[in-house]
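# Observations on the model geometry
Residues per chain, in single letters:
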Amino acid sequence: MTSLRNRAMERVQAGAAALVLVTALASGAQAEDGPRRVVAAGGSAAEIVFALGQGDRLIARDTTSSYPEAVLALPDVGYVRSLSAENLIAMDPDLILAEHDAGPPETIEILAHAGVPLVTLPEARTPADVLAKISVTAQALGVPEAGAALAARTQAELDAAATAAASLPIRPRVLFVLSMQGGRILAAGTETSAAAMIAMAGGVNAVTDLSGYKPLTDEAAIAAAPDVILVMDRGGDLAIETDQLLAHPALGLTPAGQAGRVLRMDGLYLLGFGPRTGAAALELNRALRGGLAEQG
Amino acid sequence: MVALDIPRLAGEREAQARLTLFVLAAALALAMLLSLSHGASGVSLWSLTLGDAMPARDRLILWEIRLPRMLTGVLVGASLAVAGAVMQGLFRNPLADPGLVGVGAGAGLGAVLAIVLGGLAPLWVAQTLGYHLVPLAAFLGGWASTLVLYRVATRAGRTSVATMLLAGIALGALAGAVTGLLVYIADDRQLRDLTFWGLGSLGGASWPKLMAAGPVMLLALLAAPFLARGLNGLALGEAAAHHIGLPVQRVKSVAILTVAAATGAAVAVAGGIGFIGIVVPHLLRLATGPDHRYLLVNAGLAGATLLLLADLIARSIIAPAELPIGIVTATLGAPVFLWILLRRRGVVDL
């Protein structure tokens, strides 16, 4: 009996010793602080790496990574869904941090085959998902303390946003317009990151009978009756001018159109579901509150 | 004097065509070597010839990335060019293109359906096919539209080429409308996927894909040279071809099947790559004449070479990102084609 227990103890101790050894070896090999050549594939991945104070480890980013500004100086590996396997391998990364929709699948398969460490971040639509993303990233970079600190900070901001959202006297109806190409409204329905953000800020998504980003007919836009129209602040072809929104025959008839209540926020800030999500929700909440006050 | 000149001219042309064949074959071999030895990672072929100890990473880049990509490029480029040449011969129309007979449109429709509505497919479909769903749908789309056209245009065992051309245009319009409808309901991400697919790329090349689509393209390419005599006969007109003893109907059937297989499979693995199918046969016809015995083989060699070179540019010009290959083929090819047409204006009336 005792000998059995002893043997079990021995095994546990040996296991523990091996674990310590492995950890020591790993940290020794990596100069005790994890991967040094990281490629970020996805806007929130790069953002989290920088928020963890590990921006100097990034060697490349994808087209959707645009925050903070320092990330723009890095080489661009292309659109997150059309990555090139050889070009990525050629950068000799020791970690690729990919958002859930990075691809194409052939590239991901070859990278796995080539033994390039690839960590996929969970898809984020809720505050808990944001924290999970931060924790996965911090783990992959080998900086759990910085991760815990960032998570705590983000949690506090998310909590503040939740409190602010709960204290809104009325929940305003918000219509998120993704694009207005050719006068056609492409709006956020249910199951979109925009809808999740609107809910976090204390609003109600004005479109409830469509899921995903879908074109809205003029009548559906009027029926949605938004109190506020929310758009992304971006340049180029996809830019949406306030005049264009208000002059739209259907949008002009909605409460938001009548009062000219159009909110603009940076796309990655608003929909990236990275560490700035709490701040973004709070900012949107304040803007909604301002709109309500104006409404009386 | 004049009567004596004609055979001499024909002989010269034949010699020239044969020379072109050798030059093109050499060019293709060179392009294949370049394609294998050039890439962002700096792995070169020479390390292979030095033999032994090649790092696992380099071996993987050569065998799993560059080799399937190069072979896919050769087959797709050759298929597109040969399909174009056969089509133009069959319709006796220099404007004919696989896009016209509805094969391209049908394949495109299949791909768009799979991208936009793929999520609605039953789970077992997604599990068994995975990401092969889009190429498979493209192939089936091209195949189905060819079958429909063939049935519409064939009556009592005779295929009317003119009816098929017209029906192809109608089917193309229909496929375009359904594609438009799907684009209308597609979401943001699907739109990006559609755009990239429509511009074509060899980036997704892999052994499993090549194993699936490669044999189809290879079969079509091997069948094409046997069409040469038939297409040469058809150039005289169907009635004349019949009188010189050609099995006209069989030539037409085999030609249509070849085009459908080559185009469908090529579009399935590489997406929509324009320009090669219409321009390569033209350039060769300008250079070495309309004899299909040389035209078909030369078109295959030149198409493969051009696509490999375009792919080299596509994957290195904005490295570490990659440009869709359709952009390269059109930007480089179209001006060159226009320039040649301008220079040869008056010499050859197309």
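None of these values were measured; they are calculated from a predicted model.

## Structural notes on the overall build of chain B
For chain B, the count of helices and strands is 15 helices and two strands. Intrachain contacts of chain B at a sequence separation of at least 6 include 80% that bridge at least 24 residues.

## Observations regarding the UniProt feature "transmembrane region" (unreviewed entry) in chain B
Residues and elements named next belong to chain B. As annotated by UniProt and renumbered to match this structure, "transmembrane region" (unreviewed entry) occupies residues 66–87, 99–125, 131–150, 162–186, 206–228, 254–280, 292–314 and 321–342. Annotation note: span residues 162–186, helix share 96%, strand share 0%, distance between end C-alpha atoms 36 Å. Annotated as residues 321–342, this span is 82% helix and 0% strand, and its ends, taken at the C-alpha atoms, are 35 Å apart.

## Overview of the pairing of strand β9 (residues 228–232) of chain A
Residues and elements named next belong to chain A. Taking burial as the measure, the five residues of β9 include five buried ones, the bulk of the element. Judged from the four bridges that link them, strand β5 (residues 173–179) and β9 form a sheet pairing that is parallel. Along β9, the bridge assignment pairs Val 174 with Val 228. Bridge count between β9 and strand β10 (residues 262–265): four bridges; the pairing is parallel. By the bridge assignment, Ile 229 is partnered in β10 with Val 262.

## As for the interface of chain B and chain A
Across the contact, 26 residues belong to chain B and 28 residues belong to chain A. Sorting the residues of the side of chain B that touches chain A by element identifies α3 (56–91), α7 (161–185) and α8 (188–199) of chain B as the ones contributing at least two each. Looking at the side of chain B that touches chain A residue by residue, the class counts come to 11 nonpolar, six polar and nine charged.

## A closer look at the sheet that holds strand β2 (residues 58–61) of chain A
Residue and element names in this part refer to chain A. Strand order in this open sheet of four strands is β2-β1-β3-β4, and the pairing throughout is parallel. Where the open sheet ends on each side, the last strands, each with one partner, are β2 and β4 (118–120). Each neighbouring strand pair of the sheet contributes to a mean axis angle of 20 degrees, computed without reference to strand direction. Summarising the sheet, strand β3 (residues 95–98) and β4 pair through three bridges and their orientation is parallel.

## Section: the environment of Asp 193 of chain B
Tracing the backbone through its elements, the reader meets Asp 193 of chain B in helix α8. Residues Asp 193 of chain B and Val 82 of chain B, spaced 111 residues apart in sequence, show a C-alpha to C-alpha distance of 28 Å. Once you skip the residues sitting within four places of it in the chain, Asp 193 of chain B turns out to touch Arg 81 of chain A together with Ile 115 of chain B.

Definitions and limits used
The residue numbers shown here count from 1 along each chain, following its written sequence. Ligands are numbered from 1 and chains lettered from A, in the order in which they are written. In keeping with the predicted nature of the model, local features appear solely for residues at pLDDT of at least 70, side-chain atom pairs appear and are counted solely at 80 or more, and the whole-chain, interface and lining totals rest on all residues. The numbering of helices and of strands both runs from the N terminus, where a helix is a DSSP run of H or I of at least 4 residues and a strand a run of E of at least 2. Residue pairs qualify as contacts under a 7 Å threshold applied to their C-beta atoms, which are placed from the backbone. UniProt positions are given in the numbering used here, feature names are shortened, and annotations may be inferred rather than shown by experiment. Every C-beta atom is placed from the backbone, and the number of other C-beta atoms within 10 Å of a residue's own sets its class: buried at 20 or more, exposed at 12 or fewer, partly exposed in between. At least two DSSP bridges between two strands are required for those strands to pair. Each residue is assigned to one of three groups, with Ala, Val, Leu, Ile, Met, Phe, Trp, Tyr, Cys and Pro labelled nonpolar, Asp, Glu, Lys and Arg labelled charged, and all others, Gly among them, labelled polar. Only the stretch in contact is used when fitting a helix axis, every axis being a line fitted to C-alpha atoms; angles between N-to-C directions are given from 0 to 180 degrees.

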